[in-house]
Amino acid sequence: MLTKFETKSNRVKGLTFHPKRPWILASLHSGVIQLWDYRMGTLIDRFDEHEGPVRGVHFHNSQPLFVSGGDDYKIKVWNHKTHRCLFTLLGHLDYIRTVQFHHENPWIVSASDDQTIRIWNWQSRTCISVLTGHNHYVMCASFHPKEDLVVSASLDQTVRVWDIGSLKKKTVSPADDLMRFTQMNSDLFGGVDAIVKYVLEGHDRGVNWASFHPTLPLIVSGADDRQVKLWRMNETKAWEVDTLRGHMNNVSSVMFHAKQDIIVSNSEDKSIRVWDATKRTGIQTFRREHDRFWILAVHPEINLLAAGHDNGMIVFKLERERPAFALSGNSLFYTKDRFLRYYDCSTQKDSQVIPIRRPGTPSLNQSPRTLSHSSYSSTEDAVLICSDLDGGSYELYIIPKDSVGRSDVVQDAKRGTGGSAVFIARNRFAVLEKSTNQVLVKNLKNELVKKSSLPIPTDAIFSAGSGNLLCRSEDKVVIFDHQQRLVLGELQTPFVRYVVWSNDKESVALLSKHTIIIASKKLVLQCTLHETIRVKSGAWDDNGVFIYTTLNHIKYCLPNGDSGIIRTLDVPIYITKVSGNTIFCLDRDGKNRAITINATEYIFKLALLRKRYDHVMGMIKNSQLCGQAMIAYLQQKGFPEVALHFVEDERVRFNLALESGNISVAVASATEINEKEQWYRLGVEALRQGNAGIVEFAYQQTKNFERLSFLYLITGKLDKLSKLMKIAEVKNNVMGQFHNALYLGDVKERVKILENAGHLPLAYITASVHGLKDVAERLATELGDNVPTLPEGKTPSLLMPPSPVICGGDWPLLRVMKGIFEGGLESAARGGAVDDEEEDVGGDWGDALDMVDVDGMENRDIEAILEEAEEENDEGGWEELDGLDLPPELDTPKASANARSSVFVTPTQGMPVSHIWSQKSSLAAEQAAAGSFDTAMRLLNRQLGIKNFAPLKSMFIDLFSGSHSYLRAFSSSPVVSLAIERGWSESSSPNIRGPPALVYDFSQQEEKLKSGYKATTSGKLTEALRIFLSILHTIPLVVVESRSEVDEVKELVTIVKEYVLGLKMELKRRETKDDPVRQQELAAYFTHCNLQLPHLRLALFSAMGVCYKSKNLATAYTFAKRLLETNPMESQAKTARQIVQAAERNMTDATELNYDFRNPFVICGSTYVPIYRGQKDVSCPYCTARFVPSQEGNICGVCELAVIGADASGLVCSPSQVR
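Residues numbered from 1 in each chain as written. Predicted model: local features only at pLDDT ≥ 70, side-chain atom pairs only at ≥ 80, totals over all residues. Heavy atoms only, no water.

An unreviewed UniProt entry lists the protein chain under the name Coatomer subunit alpha, from Eruca vesicaria subsp. sativa. Turning to the protein chain, the UniProt record has this under Subunit (unreviewed entry): "Oligomeric complex that consists of at least the alpha, beta, beta', gamma, delta, epsilon and zeta subunits." (UniProt positions renumbered as here; feature names shortened; annotations may be inferred.)

Following this line, the structure appears as structure tokens:
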């Protein structure tokens, strides 16, 4: 039993398959009807208008309808397209058990607990017949698939077959009035529409189900007597053929299989049983732990069944339908109907080779599962056929080449047991022995040659080239060289079902249920592809593209993981070979088919991927490649200039032209569209490219005078700026006029504008400051007493705009040779008439945008604006403008003079050095120096478990600042950032970027360590702690070169950790004045930190004194003895000897301490309590300080950076660790 789909829900009482679509309806005990797509595994819809359980449901075979019947006595007809109930049929007086549409007529048959069967016309929405005769609940009723019969089963222990032939005649319109009168009589006085043809008695209890065979005159029934009975009928009688016993409880449902000669039944004994209909014996039983089965459904077209149980339903197959096959060159060997067959792909000739002798097996799924082929000599072929028989077995056939096509050759196979068997050489094959996890190598006489143990627990083996095996376990595959007993490659994968090697054996596709993994021959992952619908088969084409099938598509997968659909499928197929545009495949009936496909799309994408631009060019010229998907693909992959040649729509052309920097196409498209947004975007792109002429034209089209003013300022076109000022005056735009006067440095104009606008004080100040005495005096008289005062002692300076770096024309551009696409596609598009085109260019806009005749250029565009303004102002105040000689308006420019030359602009922007650093490095320090702080933090978190980054913030900033310098070019341009590289020299290649310079190095930390030692010795413990913590915080951001230095860095972490822990305890001791016991404990623990000898003496001396003062003489004695062993200074030694003598007279402790010097311990870095050997602890992943388990998840109290107990990979501080 192969489960294809499973749901969890309330008890399922009714099921029906859609005849064409992959849908199944399930009616539930809760009153809901669910519509599922069993192929995708998704719930499409739910219908919940019934009150109470829905026991019957059925799809119409051609209309978008289904019918349902429930415990609310209602039959509802639904349209699943419009998601609603069309109408309700009322008439039954009790629960409705089953409903079914007739295959031809507009009828529905329903069975009910009111002991009747009703036939309804769903078009006229009336009941056309009531079949009475059962004297208990009618549990089911169904139409015969071809004849005018109905079968019903009832709890009155009978199965009845009804003849509804007269009902069919009645629905045909009567020919004459006499017939119509007769029919009316029979309607009035109860005519006989349906008669009981047979009553089948034989069950001892109520019958739950009865159904017809799809073609033969057979009926099968299941009852509460736990028996399944088979009945036969002819024109005159029906009789019992046999009884199938085996169920342990009531049989709920029983049906004939649509394709095979078997009966399927299910029962409340939680099992589904499969029976051989001819031998009438049980074949197989499938059980569930807790779920009773209630209903079965058989798909009318394909090999699928469904069963409903207490907690949902399952859709399943009884047998695998994939034919076993093996391809070698053009020769395909495959199995069909217990024969081994041969198909030649070149001649498309199919022939039968030999019968595969198979003893009559009373179980399913014993057909060949895999097939392996070896053409080991010029005269003979060897074929291995594996099946699941006897827990896994193989058969070896040696076939003379001249016997192919003659099925009279019968031979005995060499047999053996094994999980799977494959050829690994011309005359050797390997068999998997699962029990010992070994592979047995055998020769063609089936004799054992060699045994090898496999490197992983293996459940299947596949061929992997000569001498190699691909071994599969649950979650990974390995390539194993069985001769050298070496693992050549390993890859984590979902459960692999099929393995397909490319023709050159350089690549392999690993197919799982929903995943395709492409890897190299050493199992180096190249790409992974996920499918929502099941993957069925695949093969490599001659170009290295993997072609595969799902249940309903043929698709392709390129080497980089891009995939797409080649065509849809009506039925699933299994690809055997791809040759050019032809796919050879086997269908589920074992028939060979050759399908022609259009490979243009994936060949085009492959040529782009492999940068075979000559092929791309050829395909663009000759193929009908188009469509939104192709354009989107080219855009996504960075080829907008190629996409441009597929597009007619001007808006799409405009977007693609901007993306590819093709400004001339963008101008043409913007002119066609002529909308403000497009002109604005064109201006932005032209400005980026430095094409000032087009920027000017775009701003003129949108009358964007503010941007034009600024453009003229930065390009130094001050005469045009003065004309814009006149336009602003005409338009009465005071602010624009003032801005232009400011840009021009025209003081008189500014004073005039301020005066006209009524800002007399501002006009007076401007005139006074700039030395316009006569104007200032005139304004002062107008202002009278309101003359503003000017600040004293200030020297005014004229506010002048900066001079532009480059005046007029376009910005200097890099000269870049045209690529294959630009040159080739343009000439292709022009059909080769390049010279004519070039001649046309000059007259239209080359001269206009060169701005040689500046007056003419600007005035063309101004004339219209001035006219508009005059129309608005009829007061006649602008006479002075009448004298302007304004030429006609500017035509649309096409491209600047160099646009059609052999060189072309806008190279692709280079990658900033910081991005290169960020991409190349796995070291946190280098990521921080590159400015990728988030990446640096992620690395530190992964490597060292660091979560508190506050102490590292200033160091990150220092690293970033220290790896960059800045140059000022000139006043109007931004500052230029320069990356400073580590180890740079004059001889370094300019194209190869070194790693960033770092402000922190290891030698600095060693110097800090000495300072820390010094501060500790002189008793400056707070200062010493600050220094040691600074070292701990800096080490994650230090980079060293060699492996030996890495070890030194790790050693430094350990040393510093001990000092930080010890000093923190000592400072804590000095704070706890009122707790002498805790003071003694902390002093004692300090002596167990791994310190330098001078510092250890100081710690011991301190602890000895503290304990002696607190009358803990025995403890003080141990410290004194330890101190004397370190050969201390005389003063310390003298004190220690005195304490030893005093303690020897009275070896007691006044208070008990949590301290046992005999039992080895480490100190918790947060709670400062001993953790004795054998007790559980957790550690900091960075500084390795130890803690009691309750501290897990907190920030480490020693380094103050990492999370205690976090998973971390370890300190990475050298490039040598990541190579």
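Resuming the write-up.
K.L.:
Would you mind showing me how to read the overall build of the protein chain here?
P.N.:
In terms of helices and strands, the protein chain carries 30 helices and 63 strands. Burial status across the protein chain gives 51% buried among its 1219 residues. Sequence-distant contacts in the protein chain: of pairs separated by 6 or more residues, those separated by 24 or more amount to 49%. Summed over its atoms, the accessible surface of the protein chain is roughly 58200 Å², and 49% of this surface lies on carbon and sulfur atoms. (Helix = DSSP H or I, 4+ residues; strand = E, 2+ residues; numbered from the N terminus. Buried < 20%, exposed > 50% of the residue type's maximum accessible area, 1.4 Å probe, protein only. Contact = heavy atoms within 4.5 Å. Areas by Shrake-Rupley, 256 points an atom, 1.4 Å probe, with all protein chains shown as cover.)

K.L.:
Would you take a moment to explain the environment of Pro801 for this structure?
P.N.:
Structurally, Pro801 is set in the loop between α16 (773-783) and β56 (816-817). Here Pro801 is in contact with Leu713, Leu742, Tyr743, Leu744 and Gly745, once residues within four sequence places are set aside.

K.L.:
What's the story with a nonpolar patch on the surface in this structure? I'm lost.
P.N.:
A contiguous nonpolar patch, built from Ile765, Val769 and Leu790 and spanning about 190 Å² of accessible area, is present on the exposed surface. Residue position: Leu790 is located in the loop between α16 and β56. (Patch = residues over 30% accessible without salt bridge, like charges linked within 9 Å, V, L, I, M, F, W, Y side chains within 5 Å. Salt bridge = Lys/Arg side-chain N within 4 Å of Asp/Glu carboxyl O.)

K.L.:
How should helix α24 (residues 1002-1017) be read in this particular structure?
P.N.:
Owing to its 3.6 residues per turn, the α-helix aligns residues three or four sequence positions apart on the same side. For α24, built from 16 residues, the straight-helix expectation of 22 Å at 1.5 Å per residue is met to within 8% by its first-to-last C-alpha distance of 23 Å. For α24, the complete set of buried residues consists of Phe1002, Gln1005, Leu1009, Gly1012, Tyr1013, Ala1015 and Thr1016. Take α24 and look down its axis: the buried residues cluster within an arc of 165°, on one side only. Facing away from the buried side of α24, by more than 90 degrees, are the exposed residues Lys1010 and Lys1014. Taken together, the buried residues of α24 touch α25 (1021-1034), α26 (1043-1071) and α28 (1093-1109). Backbone geometry just downstream of α24 places Gly1019 in the positive-phi region, at approximately 80°. (Expected span 1.5 Å × (residues − 1). Arc of directions from axis to C-beta.)

K.L.:
Help me understand the sheet that holds strand β10 (residues 96-101), please; the structure alone is not making it clear to me.
P.N.:
Read from one edge to the other, the open sheet built from four strands follows the order β10-β11-β12-β13, with strand pairing classed as antiparallel. Both edges of this open sheet fall to β10 and β13 (126-132), since each of them pairs with a single strand only. Adjacent strand axes in the sheet meet at a mean angle of 20°, parallel and antiparallel pairs treated alike. In this structure, β10 lies alongside strand β11 (residues 107-112), joined through five bridges in antiparallel fashion. In the strand pairing of β11, Thr98 is matched with Ala111. (Pairing = 2+ DSSP bridges. Axes fitted to C-alpha atoms, helices over the stretch in contact; angles between N-to-C directions.)

K.L.:
For this particular structure, what's the right way to read the side chain of Gln227?
P.N.:
Mapped onto the secondary structure, Gln227 falls in strand β20 (residues 227-233). On the accessibility criterion, Gln227 (12% relative accessible area) is buried. Not counting residues within four places of it along the chain, the set of residues in contact with Gln227 comprises His203, Ser221, Gly222, Thr243, Leu244, Arg245 and Val251.

K.L.:
I would appreciate a short explanation of a negative patch on the surface in the present structure.
P.N.:
A cluster of like negative charges, contributed by Glu1006, Asp1047, Glu1048 and Glu1051, occupies part of the molecular surface. Of all the elements, α26 adds the most residues to the negative patch, at three residues. You can see Glu1051 is positioned in helix α26. (Lys, Arg positive; Asp, Glu negative; His and termini not counted. Charge placed at Lys NZ, Arg CZ, Asp CG, Glu CD.)

K.L.:
Can you walk me through the packing of aromatic side chains in this structure?
P.N.:
Counting across every chain of the model gives 27 aromatic pairs. Measuring from centroid to centroid gives 6.1 Å for Tyr1155 and Phe1161, while their planes differ by 85°, and the two rings are edge-to-face. The buried category is assigned to Tyr1155, whose relative accessible area is 12%. Given a relative accessible area of 15%, Phe1161 falls into the buried group. Taken together, the ring pairs connect Tyr1085, Phe1119, Tyr1155, Phe1161 and Tyr1172 into an aromatic cluster. Directly above the aromatic system of Trp294 lies the positively charged group of Lys13, at a separation of 4.0 Å from the ring centroid. If you follow Arg322 out to its NZ or CZ, it ends over the ring of Tyr498, 3.7 Å from the centre. (Phe/Tyr/Trp six-rings, centres within 6.5 Å; stacked < 30°, edge-to-face > 60°. Lys NZ or Arg CZ within 6 Å of the ring centre and 35° of its normal.)

K.L.:
Quick question: what am I supposed to make of the packing of helix α12 (residues 718-730) against helix α13 (residues 734-744) here?
P.N.:
Packed helices, taken two at a time, are described by the angle their axes make and the gap between the axes. Two numbers describe how α12 lies on α13: the axes approach to 8 Å, and their chain directions differ by 160°. Classified by the angle between their axes, α12 and α13 sit roughly antiparallel to one another. For the pair α12 and α13, the sense of crossing is left-handed. Facing Leu718, Leu721, Ser722, Leu724, Met725, Ala728 and Glu729 of α12, the residues of α13 in contact are Gly736, Gln737, Asn740, Ala741, Tyr743 and Leu744. Here the contact of α12 with α13 is built from residues that sort into eight nonpolar, four polar and one charged. (Parallel < 35°, antiparallel > 145°, perpendicular 65-115°, else oblique. Left-handed = near helix turned anticlockwise from the far one by under 90°. Nonpolar A, V, L, I, M, F, W, Y, C, P; charged D, E, K, R; others polar.)

K.L.:
I'm lost on the sheet that holds strand β28 (residues 312-317) in this one. Help?
P.N.:
Working definition: the strands of a sheet are paired by backbone hydrogen bonds and lie parallel or antiparallel to each other. Pairing in this open sheet of four strands is antiparallel, and the strands run β1-β28-β27-β26 from one edge to the other. Each edge of the open sheet carries a strand with a single partner, namely β1 (2-8) and β26 (293-298). Across the sheet, the mean angle from the axis of one strand to that of its neighbour is 15°, orientation sign disregarded. The sheet contact formed by β26 and strand β27 (residues 305-309) spans five bridges and is antiparallel.

K.L.:
For this particular structure, what's the right way to read the environment of Leu2?
P.N.:
Tracing the backbone shows Leu2 in strand β1. According to the relative accessible area criterion, Leu2 is partly exposed, its value standing at 25%. Along the chain, Leu2 and Glu319 lie 317 residues apart, while their C-alpha atoms are 6.9 Å from each other.

K.L.:
Is there a simple way to explain the pairing of strand β45 (residues 498-501) in this structure?
P.N.:
Working note: regular strand, side chains alternate between the two faces of the sheet. Sheet analysis places β45 next to strand β46 (residues 507-511), joined by four bridges and oriented antiparallel. Among the inter-strand pairings, Val500 is bridged to a residue of β46, identified as Ala509.

K.L.:
Just to check I follow, could you spell out the pairing of strand β12 (residues 116-121) for this structure?
P.N.:
Within β12, six of the six residues are buried, leaving the element largely enclosed by the surrounding structure. Along β12, one buried face is formed by Thr116, Arg118 and Trp120 and the opposite face, lined by Ile117, Ile119 and Asn121, is buried too. Hairpin connection of β11 to β12: three residues between the antiparallel strands, including Gln115 at a positive phi of 70°. Judged from the six bridges that link them, β12 and β13 form a sheet pairing that is antiparallel. Its bridge partner being in β13, Asn121 is matched across the sheet by Thr126.

K.L.:
Whenever I open this one, unusual backbone geometry confuses me. Can you help?
P.N.:
Across residues other than glycine, the phi torsion is negative in most instances, and most of the peptide bonds are trans. The phi angle at Tyr73 is positive, at roughly 65°, despite the residue not being glycine. Position of Tyr73 among the secondary structure elements: in the loop between β7 (65-70) and β8 (74-79). Look at Tyr73 and you get partly exposed, because its relative accessible area is 36%. Here Asn674, not a glycine, exhibits a phi torsion of approximately 55°, which is positive. Looking at the secondary structure, you find Asn674 in the loop between α8 (663-673) and α9 (676-689).

K.L.:
In this structure, what is going on with the packing of helix α14 (residues 747-756) against helix α15 (residues 760-769)? I would like to understand it.
P.N.:
Running from amino to carboxyl end, α14 crosses α15 at an angle of 165°, the nearest separation of the two axes being 8 Å. The angle between α14 and α15 places the two elements in the roughly antiparallel class. In this structure, α14 meets α15 at a crossing whose hand is left-handed. Contacts between α14 and α15 involve Val747, Arg750, Val751, Leu754 and Glu755 on the former and, on the latter, Leu760, Leu762, Ala763, Thr766 and Ala767.

K.L.:
Help me out: how do you make sense of the nonpolar core in this one?
P.N.:
The nonpolar side chains of soluble globular proteins are, as a tendency, buried together. In this structure, Phe1028 and Tyr1182 are the most contacted members of the largest nonpolar core, which totals 92 residues. When residues in this core are grouped by element, the largest group, 11 residues, is from α26. Those residues within four positions of Tyr1182 in sequence are excluded, and the remaining contacts are Leu944, Leu1032, Ile1035, Pro1036, Val1053, Cys1199, Leu1201 and Ala1202. Within the second largest apolar cluster, 58 residues are counted, among which are Trp36, Leu230, Val274 and Leu318. (Core = buried A, V, L, I, M, F, W, Y, C linked by side-chain atoms within 4.5 Å.)

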